[in-house]
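These are the residues of each chain, in order.
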Protein chains: 2
Amino acid sequence: MRREIAEQGAAVTATLDEVRRQAERVRAAMSGRRHILFVARGSSDNAAIYGRYLVETHLGVQASLAAPSVATHYRARLDLSDALVVSVSQSGRTEEIVEVQRWAASLGAATVAVSNDADSPLATESDVALTTQAGTERAVPATKSYTAQLAALAGLAATLDGGDDLWALLDRVPGEVSRLESAEEGVAAAVEALDASEERLVTGRGLVFGTALEVALKLEETCLQPVRGLSYADLRHGPIAVVGPGLTAVVMAAEDGPLLSPIVELAHDLTGRGAQVLAIGGDETLAAASAYHVPGPDLPEAVAPIGLIVPAQLIVESLARRLGLDPDSPRGLSKVTTTDPT
Amino acid sequence: MRREIAEQGAAVTATLDEVRRQAERVRAAMSGRRHILFVARGSSDNAAIYGRYLVETHLGVQASLAAPSVATHYRARLDLSDALVVSVSQSGRTEEIVEVQRWAASLGAATVAVSNDADSPLATESDVALTTQAGTERAVPATKSYTAQLAALAGLAATLDGGDDLWALLDRVPGEVSRLESAEEGVAAAVEALDASEERLVTGRGLVFGTALEVALKLEETCLQPVRGLSYADLRHGPIAVVGPGLTAVVMAAEDGPLLSPIVELAHDLTGRGAQVLAIGGDETLAAASAYHVPGPDLPEAVAPIGLIVPAQLIVESLARRLGLDPDSPRGLSKVTTTDPT
């Protein structure tokens, strides 16, 4: 896992180059369509959440995440003739996702497959195969394949966008990802704080929400401790009542954007309720509002999630080792995800 | 809370009558539109998840849940000219939801407001106000207003459906809801089991997924204990690795439908990992696969969620009292939800 964390800058660069090569085909697939529907599970689903927010906020195109059982179990006949369906699966072999993509194509959707294997069924059956260039990923917890998915989805949005603004931001990403691969500031203290806490949750909002869910999933599956990933709103609408001493709240944020200020408020509120806040990313006001702080990327919010995951991966990997666990091969997980046992 | 649980059969009947009265206006609002976008937070969001599955599986219309911050913070300009936006808020006064409805209308959407107050801003500013007939709800945890929301959303789907099938199913609902209001079978044992467990999670899938999230939220906010609500798929894709002894998994299911069999498998799997399964609803095979069982409604899956929540409410109310807490007024919650403090 540690070695693969260090390969992410290169994976992002190569993946963005691949998206550029496919730009014409991506634009052709979207032509005349008005909606983007993401199909994914697990870590890929967390990447798709970023894709959804980026598409809505930067392209002004309505986007959503498919409910796979509508296809696989209810076999509903939706009209998808105005939809571009973007399926995301590291292996490209998750049966459920392949089945949903087939279903969508049969209902009129154009299909883009984001996978790490150009020979997978998901890729070969799609209209456009956007192959992430992460290389073989040996550790079970996704790191570089996840970052490459984020890059592919951001590249997809940049391709569908009329201008060059998003591409200009993306050009800054590989350097920041590479820099963060070996950034150690605050990591050891964060690991110690997480290890000492009785309960953990991870929260984030908007473009960073998927990152918060991914960090919660990684902490849970790698460290074998229950960790909740909650949106800012869901946390405010109920569960905040159970926040108190013994809880470490990991708060993820970009260094700018319209949600930074509410996130800083949330950090104050959580602290006021007795929780210990560990901020990853954000700016100096978030750092000041938090007991622990690990710096994130120097990137604007639109592309920040591609770098923001890196310090969290370092924390997860280090925490697993501290707990005497093997971060490369957590108990009870396999590389190709299966929703329904076959 | 207990008294309001007992008022739900009447609330559902009156709400379905109200939807019938608005049928022509609902059909006119949808006319020429191809998508339904739900806007909600908290319990209303859980009701909207049911609405989304019902609309996709029974109407064949693509549906999704809005990400409110796309409107309220990013102020994205989406093209919503082919969308019907259905906003759900008990009070009709949740600022965030009112703001998203205004935003959607300015972008070309037709709007239906499902609220319990015909004079609320959400209702008065909408194209069609579908007012739930729950009467004043005094307890902070939503019970009858939630059930009435489910009924309104099912009535909306039945209205937009060409045939009478869904209305025929809905005619059976009030009787089952009323019957379950005083059904005690299995409740005391379930409360004891939940009280004795170290950890709790609630899971469900498809049409019942929103019910699982609602039960988790109710358990958490009323009993002040952390409870996770997880989709079947999210549970299988990671967190199942942390399932073990000391955990009570509440498994929610309808008595039929394509997801019953996978849910029974899941109950076996959870039991095999040492967890204690409490099934609410389902059939005799689910009961046999579970350590504890509380019967659900005798209703087909499409409308089962409207009844399935009732035994869970009885469990929550009873558990709160057992814990010495006031189920009517949990700590840290208020009746009108606020995402961003003003």
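All values derive from a computational prediction rather than experimental measurement. (Residues numbered from 1 in each chain as written. Chains lettered and ligands numbered in written order. Predicted model: local features only at pLDDT ≥ 70, side-chain atom pairs only at ≥ 80, totals over all residues. Heavy atoms only, no water.)

### Overview of the confidence of the model for chain A
The predicted model of chain A averages 94 in pLDDT, with 96% of residues at 70 or higher. The ipTM value of the predicted complex is 0.94, and its pTM value is 0.95. (pLDDT = per-residue confidence, 0-100.)

### Things to note about the side chain of Ser290 of chain B
Residues and elements named next belong to chain B. Structurally, Ser290 can be placed in the loop between α15 (284-288) and β10 (292-294). Overall, the relative accessible area of 11% leaves Ser290 in the buried class. There is a polar contact of 2.7 Å between the side chain of Ser290 and the backbone oxygen of Leu286. Once you skip the residues sitting within four places of it in the chain, Ser290 turns out to touch Ala267, Val277 and Ala279. (Helix = DSSP H or I, 4+ residues; strand = E, 2+ residues; numbered from the N terminus. Buried < 20%, exposed > 50% of the residue type's maximum accessible area, 1.4 Å probe, protein only. Polar contact = N/O pair within 3.5 Å; in protein donor to acceptor, adjacent residues only side chain to side chain. Contact = heavy atoms within 4.5 Å.)

### So, the pattern of salt bridges
Under the counting rule described, the total for this entry stands at 46 salt bridges over all chains. Linking Arg34 of chain B and Asp79 of chain A is a salt bridge whose minimum nitrogen-to-oxygen distance equals 2.8 Å. Of this pair, Arg34 of chain B sits in the loop between α3 (23-30) and β1 (35-39) while Asp79 of chain A sits in the loop between α5 (68-72) and β3 (83-89), which puts the two residues in different chains. Here Arg34 of chain B falls in the partly exposed class, since its relative accessible area comes to 35%. The exposure class assigned to Asp79 of chain A is partly exposed, which follows from its relative accessible area of 39%. Of the charged contacts in the structure, one is a salt bridge between Arg3 of chain B and Glu7 of chain B, with a shortest N-O distance of 4.0 Å. (Salt bridge = Lys/Arg side-chain N within 4 Å of Asp/Glu carboxyl O.)

### Focus: the environment of Gln62 of chain B
Summarising the element assignment, Gln62 of chain B is placed in strand β2 (residues 62-65). The class for Gln62 of chain B is buried, based on a relative accessible area of 5%. Separated by 21 residues in the primary sequence, Gln62 of chain B and Ala83 of chain B have C-alpha atoms spaced 9.9 Å apart. Non-local contacts of Gln62 of chain B, meaning those with residues more than four positions away in its chain, are made with Leu37, Ser64, Leu78 and Leu80 of chain A together with Arg34, His35, Ile36 and Glu56 of chain B. Of note is the side chain of Gln62 of chain B, whose polar atom sits 3.0 Å from the side chain of His35 of chain B.

### Details of the sheet that holds β3 of chain A
All names here are of chain A. Within the open sheet, the 5 strands sit side by side as β2-β1-β3-β4-β5. Their pairing is parallel. What marks the edges here is a single partner per strand, and that holds for β2 (62-65) and β5 (128-131). Across the sheet, the axes of successive neighbouring strands diverge by a mean angle of 20°, strand direction being ignored. Relative to β5, strand β4 (residues 110-115) is paired through 4 bridges, and the arrangement is parallel. Across the sheet, residue Ser115 finds its bridge partner in β5, namely Thr131. On the sheet, helix α3 (residues 23-30) packs against β1 (35-39), β3, β4 and β5 and is oriented at approximately 135° with respect to β5. (Pairing = 2+ DSSP bridges. Axes fitted to C-alpha atoms, helices over the stretch in contact; angles between N-to-C directions.)

### A few points about the packing of helix α12 (residues 209-223) of chain B against helix α16 (residues 304-322) of chain B
Each pair of packed helices can be summarised by the angle the axes make with each other and by the distance between the axes. Residue and element names in this part refer to chain B. In contact at an axis separation of 10 Å, α12 and α16 are set at 15° when each is read in the N-to-C sense. It follows from the interaxial angle that α12 and α16 lie roughly parallel. Remark: the crossing between α12 and α16 carries right-handed chirality. Of the residues in α16, those in contact with Thr211, Glu214, Val215, Lys218, Leu219, Thr222 and Cys223 of α12 are Pro305, Leu308, Ile309, Ala312, Val316, Leu319 and Ala320. (Parallel < 35°, antiparallel > 145°, perpendicular 65-115°, else oblique. Left-handed = near helix turned anticlockwise from the far one by under 90°.)

### With respect to the environment of Ala312 of chain A
Mapped onto the elements, Ala312 of chain A comes out in helix α16 (residues 304-322). The spatial distance from the C-alpha of Ala312 of chain A to the C-alpha of Leu169 of chain A is 22 Å, given a sequence separation of 143 residues.

### So, the interface of chain B and chain A
Each partner contributes residues to the interface: chain B has 59 residues there, and chain A has 59 residues. Three residues stand out in chain B for area buried against chain A, namely Gln62, Tyr74 and His237 of chain B, and they jointly supply 14% of the buried area on that side. At the boundary of chain B with chain A, the tally comes to 6 salt bridges. Between Glu220 of chain A and Arg228 of chain B there is a salt bridge, with the nearest N and O atoms lying 2.7 Å from each other. Run the count over chain B and chain A and you get 19 residue pairs in polar contact (both at pLDDT 80 or more). Mapped onto the side of chain B that touches chain A, the elements with two or more residues apiece are β1, α4 (42-59), β2, α5 (68-72), α12 and α13 (232-236) of chain B. (Buried area = accessible area lost by both parts, 1.4 Å probe.)

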